[in-house]
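Tertiary structure, described
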Amino acid sequence: MSTTRKPSLSVVVFLCFTASLALAQHSAKGKAAETATTTLLQMHSSYQQANATQKQQLLTQFTAMAAQRQQLLLSLMQSNPGDVLRVAIPNNVSHTMPPTVKKYVEQSVTAQGVLEVLYEMQGTPDKTTGAVLHHFLNSSTGRLGLHFAASAPTHLLTGSVVRVHGVQVSNELTLASGSSSSNNTSLQTVSAAATLMVNFQDNPSAQPWTAAAVQNMVFTQTSNWDMENSFQHTWLTGDVAGWFTVPVASTNCDTATIKSKALSAAQAAGYNLSSYSHYIYLMSSNTGCSAWWGLATIGGGDVWVNGQYNIAVHVFAHEMGHNFGLYHAHTVDCGTQVMCASGNFSDYGDGFDTMGASSYSSPHYDAFHKEQLGWLNGGSGQPPITTVTASGTYQLSPYEVQDSNPKALKILQAGSTNSYYYVEFRQAQGFDSFLSNYSDVMGGVVFHSASPSNSNSSDLLDLTPTSPATFSHPALVAGQSYTDATTGITITPVSVSSTGASVQVTLGSGTCTLANPSINASPMQSQWVLAGSPVNFAVTVTDNDSPACVQSTFNLSDTLPSGWSGVWNATALTLSPGQSGQATLTVTSPTGTADGFYNVGIAATNAASPSNTSSLTATYVISTPVPASVAVSTNQPTYSGGQTVAISVSVTSGGNPVSGAAVSVVVAKPTGGASTLSGTTGSNGVAVVNYRLNRKAAKGMYQTTGSANSASASTTFMVQ
Ligand SMILES: [Zn+2]
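Attention in this report is confined to the structure presented alongside it. (Residues numbered from 1 in each chain as written. Predicted model: local features only at pLDDT ≥ 70, side-chain atom pairs only at ≥ 80, totals over all residues. Heavy atoms only, no water.)

1. Quick look at the overall build of the protein
A tally of regular secondary structure across the protein gives 11 helices and 40 strands. By the burial criterion, 48% of the 720 residues in the protein qualify as buried. Accessible surface computed for the protein: about 31,000 Å², of which carbon and sulfur atoms make up 51%. (Helix = DSSP H or I, 4+ residues; strand = E, 2+ residues; numbered from the N terminus. Buried < 20%, exposed > 50% of the residue type's maximum accessible area, 1.4 Å probe, protein only. Areas by Shrake-Rupley, 256 points an atom, 1.4 Å probe, with all protein chains shown as cover.)

Here it is, written out as structure tokens:
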């Protein structure tokens, strides 16, 4: 049995992946993969240094080793995908291997395609023994199996267009995680849209916009809007086609026929329509549709825009929001009350969300909508929402700014199991710059009420229902308090500045329960370094004690191979419940340590309650690069002032070009003093670095030294 929509089960899978990652570090297959990698690199080194006859003899064995290791990695990918990332050979190393070997070695790749999610129910229909979730990427180069080391995506369905970055072995790809972040993304959502410009048979010359203007509006401006709103998670890509004249009158609002005729015309014009997930029918003026400027399927792929009105970012951002699954942003007027059982409902009443009445601006989606899309609280890289379960003072950073700080507070409402206040701190930045006209919003916090189980439940709240009694000025400004009369929850923005807001929340009190801290390290695996190199691991510890507890002190410790040094910049962290703190561990291996993967054990232990402890194992990788040789030359032997000296640095290893090598060039002047330049070798193993001579450059002999991979060479040139 296979199906594509099982969000609740996906959550279970997410937890399984997370739990298995910690154990994956020591799997027997993982160890075997480490050994196979180290052995293969040793063979590579021997091969590079061998003469031509020896190379021929070694090649068969070298190729067999690579093929065997590939089988091991393929099997490891099924059980412990994290281990594959751990032992992956970087592209710049595999690139120097002979082609027959290289074809068995993994590649670090970026690929784009359509996601396919399948559930495999194992056993027999009357006795299910297990369920496995499979992910595939259908790209132009074929179908790739996807394997997530942690956090398989839970918010993406079959048909989503995604871009992935990971390590490919044969037709399988391992990714760090299914969630994304701005700096280390392994999976991003791409919304590919075909924008079809359509006019009508009674006015075939109506072409209110050029293709270039539409391209700019949809794929630059609206895409930038999505990028900013999603914290770099989602963007739009695609094509503009047309104008196409459809056999429908401009007074007839038959959107289904307009759609099918526009699609046929685009197909006839040679567009491959299967490569898009969204279709925008941008119509010239249609008076039959004058009741609306836009229409879209919720969670589907069709958008109609009525060209009777101007096109703008909010039109596409709003309609694409529907395609992404969002409903409108409402208000309920409760007279002198903030909330009420029944009030005057306005479907589009919220002017602070593009899913509401935002005709003159294109505000950010509210925090509830962003949570629904996974743009907030969506995984390791997306900014979090703080769910408040205890009294305290909570910090919010400006809602529009790309950082990893909490962007909203989520507070359970009185007498409810699933309705929350969402509290945002909005500032006049980016697409929210129109807020500079709303001093209450700038100087306070904005509230929405919504239920995560109901997509159509976003309500903007007016926290000053009597003065001013308008949803245009809804904020609770610094120093004011809101008290939920039913439960006595009190929310007070105690201070706001351009960089953040402090919001005090008072709930009932509770009892203190100690818990194991959470511990994270970054990176979990070091770069490939030479023996003797210091490597920093940033360690984050979170106090998970219940809110009623006092501060706890967590002692930090490390477990390293014998003879290694580990130095902490702080040996303990004192934290309040819910608070996180950081310390740095600098690990140095003894010089001469053999190449390989070494475990760095890190633990945090509650000093007053040592049974409350957590640990993890990070990896320190030692790899000695294959020996390189360097040659340096200039494009002329002599120059005069004002000319440019093109310095070529060629890096080879065993006669083969080394691409991607970092090259440093020092030019020493005859009068003393030197300039340092840098470059990277191309696929031919050569980096060309330009040194511009000053018009009045000193005359005489210049010494030029190029270095890469701990090898160097020099040459000279004259300035006359
Ligand atoms: Zn709408």
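Moving on from the coordinates now.
2. Observations concerning unusual backbone geometry
Omega for the bond connecting Gly242 with Trp243 falls within 30 degrees of zero, at 15 degrees, which places this linkage in the cis form. Its location among the elements puts Trp243 in strand β7 (residues 234-246). The residue Asn709 is not glycine, and still its phi comes out positive at about 45 degrees. Along the chain, Asn709 turns up in the loop between β39 (700-708) and β40 (711-719). According to the relative accessible area criterion, Asn709 is partly exposed, its value standing at 30%. For Ser710, which is not glycine, the phi torsion reads 60 degrees and is therefore positive.

3. Section: the packing of helix α2 (residues 28-49) against helix α3 (residues 52-79)
At a closest axis distance of 10 Å, the pairing of α2 and α3 adopts a crossing angle of 160 degrees. As summarised for this structure, α2 and α3 are arranged roughly antiparallel, according to the angle between their axes. Handedness of the crossing formed by α2 with α3: left-handed. Here the contact of α2 with α3 is built from residues that sort into 14 nonpolar, 9 polar and 3 charged. (Axes fitted to C-alpha atoms, helices over the stretch in contact; angles between N-to-C directions. Parallel < 35°, antiparallel > 145°, perpendicular 65-115°, else oblique. Left-handed = near helix turned anticlockwise from the far one by under 90°. Nonpolar A, V, L, I, M, F, W, Y, C, P; charged D, E, K, R; others polar.)

4. What about the coordination of the zinc ion?
Every protein donor of the zinc ion is accounted for by His318 (NE2), His322 (NE2) and His328 (NE2), and the metal-donor separations fall at 2.1 Å. Site description for the zinc ion: donor spacing in sequence, H-x3-H-x5-H. Placement of the pair is His318 and His322 together in helix α9 (residues 313-324), with a separation of 4 residues, close to one helical turn. With respect to burial, His318 and His322 carry one shared label: buried. (Donors = N, O, S within 2.8 Å, 3.2 Å for Na, K, Ca; no water.)

5. Focus on the nonpolar core
The biggest cluster of nonpolar side chains holds 28 residues, and the ones touching the most others in it are Ile280, Leu282, Val305 and Phe316. Where this core is concerned, the elements lending two or more residues are β6 (187-200), α7 (211-229), β7, β8 (278-284), β10 (302-307) and α9. Apart from the residues within four sequence positions on either side, Leu282 is in contact with Thr195, Leu196, Met197, Val198, Trp209, Val214, Trp243, Val305, Ile311 and Phe316. Grouped together as the second largest cluster of nonpolar side chains are 25 residues, Val541, Trp564, Trp568 and Leu573 included. (Core = buried A, V, L, I, M, F, W, Y, C linked by side-chain atoms within 4.5 Å. Contact = heavy atoms within 4.5 Å.)

6. Focus on the sheet that holds strand β30 (residues 596-606)
With mixed pairing, 5 strands are arranged side by side in an open sheet as β24-β31-β30-β26-β28. At either margin of the open sheet sits one strand with a lone partner, and together these are β24 (525-529) and β28 (572-575). Ignoring which end each strand starts from, the neighbouring axes of this sheet average 20 degrees apart. Relative to strand β31 (residues 613-622), β24 is paired through 3 bridges, and the arrangement is parallel. By the bridge assignment for β31, Gln525 is matched with Thr619. Each of β24 and β30 is contacted by α2, which is oriented at about 140 degrees to β30, the strand it contacts most. (Pairing = 2+ DSSP bridges.)

7. Side note on the environment of Trp528
On the secondary structure map, Trp528 appears in strand β24. Trp528 sits in the partly exposed class, given a relative accessible area of 22%. Remark: the alpha-carbon pair of Trp528 and Phe597, spanning 69 residues in sequence, is separated by 9.4 Å. Those residues in contact with Trp528 that lie beyond four places of it in its chain are Thr37, Leu41, Val87, Ala88, Ile89, Pro90, Val621 and Ser623.

8. Points about the packing of aromatic side chains
In the structure shown here, the tally under the stated rule is 19 aromatic pairs. Taking 5.4 Å as the distance between ring centres and 85 degrees as the angle between the ring planes, the aromatic pair formed by Tyr639 and Phe717 counts as edge-to-face. Taken together, the residues span a long stretch of sequence, with Tyr639 in strand β33 (residues 638-639) and Phe717 in strand β40 at a distance of 78 residues. Exposure remark for Tyr639: the relative accessible area of 2% places this residue in the buried category. (Phe/Tyr/Trp six-rings, centres within 6.5 Å; stacked < 30°, edge-to-face > 60°.)

9. Comments concerning the sheet that holds strand β27 (residues 565-568)
If you trace the 4 strands from one edge of the open sheet to the other, you get β23-β25-β29-β27, paired in antiparallel fashion. Each end of this open sheet is capped by a strand with a single partner; those strands are β23 (518-522) and β27. In this sheet, adjacent strand axes meet at a mean angle of 25 degrees when their direction is disregarded. Sheet topology places strand β25 (residues 534-542) next to strand β29 (residues 580-588); 9 bridges connect them, and they run antiparallel. Following the sheet pairing, Asn536 is matched in β29 by Thr586.

10. What about the state of the cysteines?
As enumerated under the stated definition, the model contains 2 disulfides in all. Cys253 shares a disulfide with Cys289; S-S distance 2.0 Å. Taking the torsion about the S-S bond as the criterion, the Cys253 to Cys289 disulfide, at about 105 degrees, is right-handed. Placement of the pair is Cys253 in the loop between β7 and α8 (255-268) and Cys289 in the loop between β8 and β9 (294-296), with a sequence separation of 36 residues. Here Cys289 falls in the buried class, since its relative accessible area comes to 1%. Each sulfur in the disulfide pair Cys334 and Cys340 lies 2.0 Å from the other. Taking the sign of the S-S torsion, -75 degrees for the link of Cys334 and Cys340, the bridge is left-handed. You can call Cys334 buried: its relative accessible area is 13%. By relative accessible area, which is 33% here, Cys340 ends up partly exposed. (Disulfide = S-S within 2.5 Å.)

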